[in-house]
Amino acid sequence: MADGRAAAKRRINPRLWLSGGWLLLLVLAALAAPLLAPQDPLAQDLFASRLPPLWQMGAEPGYPLGSDSLGRDVLSRILYGARIALLVALIAGTCTCILGAGLGLVAGYYRGWPDMVISRFIDIWMAFPPVLFAILLIAVMGTGLVSIIVAIVVIDWTRFARVIRAEAMSQGAMDYVASAKVAGRARFGIMLREILPNVLPTIVVLLTLEMGIAVIVEAILSFVNLSISTDDPTWGSMIAEGRASVHQSWWVLVFPLITLFLTVLSFSQLGGGLKDHFDPVLR
Amino acid sequence: MMLPPGAGEEDIIRLKALYGYDKSIPEQFLIWVRGILAGGFGTSITTRQPVLSLVLGRLPATLELSVMALVMAIAIGGMLALTGTRHRGQKAEALIDVTNGVSLSVPDFLWGLLFILLFGVLWPVFHISGRVSPALGLPFVTNFYLFESLVRLRFDIWLDLVSHMFMPALALAIPLAAIIAQLLKQSLKETMHLDYVTLARTKGYSENYVILREALPNAVLPTLTLVGVQFTFLIGGTIIIERLFSYEGLGNMAIDAVINRDLPLIQGIVILFAVIFTTVNLLVDLTYALLNPRLRHG
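Residues numbered from 1 in each chain as written. Chains lettered and ligands numbered in written order. Predicted model: local features only at pLDDT ≥ 70, side-chain atom pairs only at ≥ 80, totals over all residues. Heavy atoms only, no water.

Peer 1: Got a minute to help me understand the overall build of chain A in this structure?
Peer 2: A tally of helices and strands in chain A yields 11 helices and 0 strands. N-terminal to C-terminal, the α/β element order of chain A is α-α-α-α-α-α-α-α-α-α-α. Counting only C-alpha atoms and orienting by the principal axes, one finds that chain A spans roughly 75 × 50 × 30 Å. Burial analysis of chain A (283 residues in total) assigns 49% to the buried set. Of the contacts formed within chain A by residues at least 6 apart in sequence, a portion of 71% connects residues at least 24 apart. Across chain A, the mean location of the 21 positive side-chain charges is 11 Å away from that of the 19 negative side-chain charges. (Helix = DSSP H or I, 4+ residues; strand = E, 2+ residues; numbered from the N terminus. Buried < 20%, exposed > 50% of the residue type's maximum accessible area, 1.4 Å probe, protein only. Contact = heavy atoms within 4.5 Å. Lys, Arg positive; Asp, Glu negative; His and termini not counted. Charge placed at Lys NZ, Arg CZ, Asp CG, Glu CD.)

Below is the structure:
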């Protein structure tokens, strides 16, 4: 076993390094936002409105990436926006994962009527496009960070449930599960101690992908003004403002957009890279 | 919000009664269902117009955008899959795989923003907002502008419409195109190993002929089912893309309705979307039976 593991210990994919590196940087930047940000992200200064970024004519030293039409510093808002984006990614991702993977495990391992009920729900859920679903939920629950997180969890648990159910089913048919049963272990214990560790790599991959989705959903909802209040620095609201004034000040759109782009791409590349990394067939 | 600040208790009660909010929730629901059965979806709170006519007025814009995006997705995805199959194991295929990977991991919302920057600001060749230039007077009877301008041979209007629709449609099309390219290439590859394809090759047909006439008809079926499912998601995606490009369709109206808490309008839009999804799914099933002879005598 140890030999096999040593043989499998091969070069880690560069895309894992790149995407993981960007996300780590982002987490650190979000944590250290009060230290790094040159300005208060909410402070408006109409004398410093629409300042271009540092390397252009007419820039001011306190605004490295320029300022928006109300004179708020773009870099500071991106940094504080990262806090909201990552918070949503973490909380919504984890909750979705626990709910979806839990239901998927139960459906896949217990089969029978729990599977019937859960699978039926998955089918109904999947028939409805997520964006419309999200907007509908926000319409009912009202705007706010909690609504966004609840909406993501309510909509996306099927992603986990569907995949984990199939995995749990194929694991449940294996010999080690049968021998655990012969050894007299309870079914619930088998599910948690035998099946769960074996589907854990898949759960980690799905969780990474889900966090990327959560970031984009938060950005979309704050873009259309259905997230937290418009004053709060979110990437989506910055993009909405930049979209409106793109001909006067491109930097208000470009910098948050690049950040969002890299973050979403990193989450999905990290997920894909981890999938290859865990997959014994590809080794 | 809808009453002046000095409004008394009586005015509030009267306003509630006007919109039927004084009744219990089940009663309100029954009134609403009765309205639908009679062919009406109620009145929009913000515009005070019947929901049905508002919603149907916007529907053609969204349908035209979705269908255009679908056509673009099939064209791009199909071309990529065929090129990838033609140059199997070469650099071109690897390049296509990488492009697919990136296209899949970036959602339509971000593509849309990217296009706005590239083709709306840096190199302004397309319009970035609206459905048609307001300067053009529209002499049309239906709201299917794109279709009607073709029928009436007004190519100036048609071109203007297309240059408005191109970027939102492309943004919607790219993720779907990547899915199509990936799946179609996969099934083409599998088909290319089958005996009958080898036979066609030994008969001396060119590689292009073998791929297009022999392999493609058999390989296209799984992709077709997937396109059907994904098309409903594409229609769902129009909501945010329409908002992004200020395109006057259903989705843009849906977001306004949510922001204004215009419940009758939200209900009407959601029901209409549900009808569209069901219809699309039905059509896909029917087409599938038509194309797959094995299902016809089931």
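Peer 1: So what exactly am I meant to see when it comes to the overall build of chain B here?
Peer 2: A count of helices and strands for chain B gives 12 helices and 0 strands. When the helices and strands of chain B are listed from N to C terminus, the series reads α-α-α-α-α-α-α-α-α-α-α-α. At 24 Å, chain B has a C-alpha radius of gyration far larger than the 19 Å of a compact globule built from 298 residues. Principal-axis analysis of the C-alpha atoms places the extent of chain B at approximately 90 × 55 × 40 Å. Taken over 298 residues, chain B has a buried fraction of 43%. Pairs at least 24 residues apart make up 69% of the contacts formed inside chain B by residues separated by at least 6 positions. Of the roughly 15,700 Å² of accessible surface on chain B, 67% is carried by carbon and sulfur atoms. With 21 positive and 21 negative side-chain charges, chain B shows a spacing of 7 Å between the two charge centroids. (Rg over C-alpha atoms; globule rule 2.2 N^0.38 Å. Areas by Shrake-Rupley, 256 points an atom, 1.4 Å probe, with all protein chains shown as cover.)

Peer 1: For this particular structure, what's the right way to read the confidence of the model for chain B?
Peer 2: The predicted coordinates of low-pLDDT regions are not to be read in fine detail. Summary statistics for chain B give a mean pLDDT of 83 and a share of 93% for residues scoring 70 or more. At the level of individual helices and strands, chain B shows its lowest average pLDDT in helix α12 (residues 293-296) of chain B, which scores 68, and its highest in helix α3 (residues 51-86) of chain B, which scores 90. (pLDDT = per-residue confidence, 0-100.)

Peer 1: Would you mind going over the interface of chain A and chain B with me for this structure?
Peer 2: How large an interface is tends to be reported as the accessible area lost when its parts come together. The interface of chain A with chain B comprises 32 residues on the first partner and 32 residues on the second. For the pair chain A and chain B, the two sides together bury roughly 2,800 Å², of which 85% comes from carbon and sulfur. Looking only at chain A, the three residues that lose the most surface to chain B are A:Leu132, A:Arg243 and A:Phe261, adding up to 21% of its buried area. Where chain A meets chain B, there are 0 salt bridges. (Buried area = accessible area lost by both parts, 1.4 Å probe. Salt bridge = Lys/Arg side-chain N within 4 Å of Asp/Glu carboxyl O.)

Peer 1: Could you clarify how one ought to interpret the state of the cysteines in this entry?
Peer 2: Scanning all chains against the criterion turns up 0 disulfides over all chains. Left without a disulfide partner, A:Cys95 is nearest to the cysteine sulfur of A:Cys97, which lies 9.6 Å away. (Disulfide = S-S within 2.5 Å.)

Peer 1: What am I meant to see in the nonpolar core here?
Peer 2: One broad trend across soluble globular proteins is that nonpolar side chains are buried collectively. If you look at the biggest cluster of nonpolar residues, it comprises 121 residues, and the most contacted ones within it are A:Trp235, A:Leu260, B:Phe109 and B:Leu110. The element contributing the most residues to this core is helix α7 (residues 155-192) of chain B, with 14 residues. Discounting residues that sit within four places of it in the chain, A:Leu260 has contacts with A:Val215, A:Ile216, A:Ala219, A:Trp235, A:Ile239, B:Phe109 and B:Leu110. In terms of nonpolar packing, the next biggest core, distinct from the first, is built from 15 residues, A:Ile164, A:Ala168, A:Met191 and A:Ile203 among them. (Core = buried A, V, L, I, M, F, W, Y, C linked by side-chain atoms within 4.5 Å.)

Peer 1: Looking at this structure, how should I read unusual backbone geometry?
Peer 2: A negative phi angle is the norm for most residues apart from glycine, just as the trans form is the norm for most peptide bonds. Positive phi, normally seen in glycine, also occurs at A:Arg111, with a value near 50 degrees. For A:Arg111, the location among the structural elements is in the loop between α4 (74-110) and α5 (112-126). For A:Arg111, a relative accessible area of 39% puts it in the partly exposed group. Here B:Arg261, not a glycine, exhibits a phi torsion of approximately 55 degrees, which is positive.

Peer 1: Would you explain the packing of aromatic side chains in this entry?
Peer 2: Aromatic ring pairs are defined here through the distance separating the ring centres and the angle between the ring planes. Inspection of the entire model under this criterion finds 15 aromatic pairs over all chains. Residues A:Phe223 and B:Phe109 carry aromatic rings whose centres are separated by 5.2 Å and whose planes lie at 70 degrees to one another, so their mutual orientation is edge-to-face. With A:Phe223 in helix α9 (residues 187-223) and B:Phe109 in helix α5 (residues 108-122), the pair connects residues from two separate chains. Pair check on accessibility: A:Phe223 and B:Phe109 agree, each one buried. Members of the aromatic cluster, connected to one another through ring pairs, are A:Phe261, B:Trp111, B:Phe115, B:Phe119, B:Trp123, B:Phe126 and B:Phe166. (Phe/Tyr/Trp six-rings, centres within 6.5 Å; stacked < 30°, edge-to-face > 60°.)

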